[in-house]
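Below, each chain spelled out in residue letters.
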Amino acid sequence: QVQLVESGGGLVQAGGSLRLSCAVSGSIFSINAMGWYRQAPGKERDLVANIGSGGSIEYADSVKGRFTISRDSAKNTVYLQMNSLKPEDTAAYYCRVYGREYGTTGWLNYWGQGTQVTVSS
């Protein structure tokens, strides 16, 4: 099975920084894209940042200039550096991987367990 383990969430004051990481392990054969989504209480889960296999990157407008996504292919790990955090960034952050398992032909989305980011004012 494919496993995604997230870390790096926590409580931080406005203006502070956090770095999230998501490590993929298990029977992963190929990874096409890795990204981060977030969901605040009472709201839908929305894209934060995504990086494709060719290096293409997209960000939500609300985080451009503050967040940076990166990927270490050798470690099968994706990171999200979050700077200048605002209270409105408070949410559960979920890692998403679009990939394929060994022995399969189909591609699937795999999700991490979520890590809470809370920004106080």
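A brief structural summary. Small disclaimer: the values here were computed from a predicted structure and weren't measured.

Here we look at the side chain of arginine 96
So, step 1. Within the element layout of this structure, arginine 96 appears in strand β9 (residues 91-101).
So, step 2. One polar contact links arginine 96 to asparagine 50, side chain to side chain, over a distance of 2.9 Å.
So, step 3. A polar side-chain atom of arginine 96 sits 2.5 Å from a polar atom in the side chain of asparagine 109.

So, the sheet that holds strand β1 (residues 2-7)
So, step 1. Spatially, 4 strands are ordered β1-β3-β8-β7 in an open sheet, and the strand pairing comes out antiparallel. The two strands at the open ends of the sheet, each matched to only one other strand, are β1 and β7 (67-72). Strand-to-strand, the axes of this sheet are offset by a mean angle of 15°, without reference to chain direction.
So, step 2. Note: strand β3 (residues 18-26) against strand β8 (residues 77-82), 6 bridges, orientation antiparallel. Residue pairing across strands places arginine 19 opposite glutamine 81, the latter belonging to β8.

With respect to the environment of cysteine 95
So, step 1. In this structure, cysteine 95 sits in strand β9.
So, step 2. A sequence separation of 26 residues divides cysteine 95 from serine 121, and the C-alpha atoms of the two residues are 26 Å apart.
So, step 3. Aside from chain neighbours lying at most four places away, what touches cysteine 95 is Leu4, Glu6, Cys22, Gly35, Trp36, Val78, Tyr110, Trp111 and Gly112.

Rules used in this analysis
- Residues numbered from 1 in each chain as written.
- Predicted model: local features only at pLDDT ≥ 70, side-chain atom pairs only at ≥ 80, totals over all residues.
- Heavy atoms only, no water.
- Helix = DSSP H or I, 4+ residues; strand = E, 2+ residues; numbered from the N terminus.
- Polar contact = N/O pair within 3.5 Å; in protein donor to acceptor, adjacent residues only side chain to side chain.
- Pairing = 2+ DSSP bridges.
- Axes fitted to C-alpha atoms, helices over the stretch in contact; angles between N-to-C directions.
- Contact = heavy atoms within 4.5 Å.

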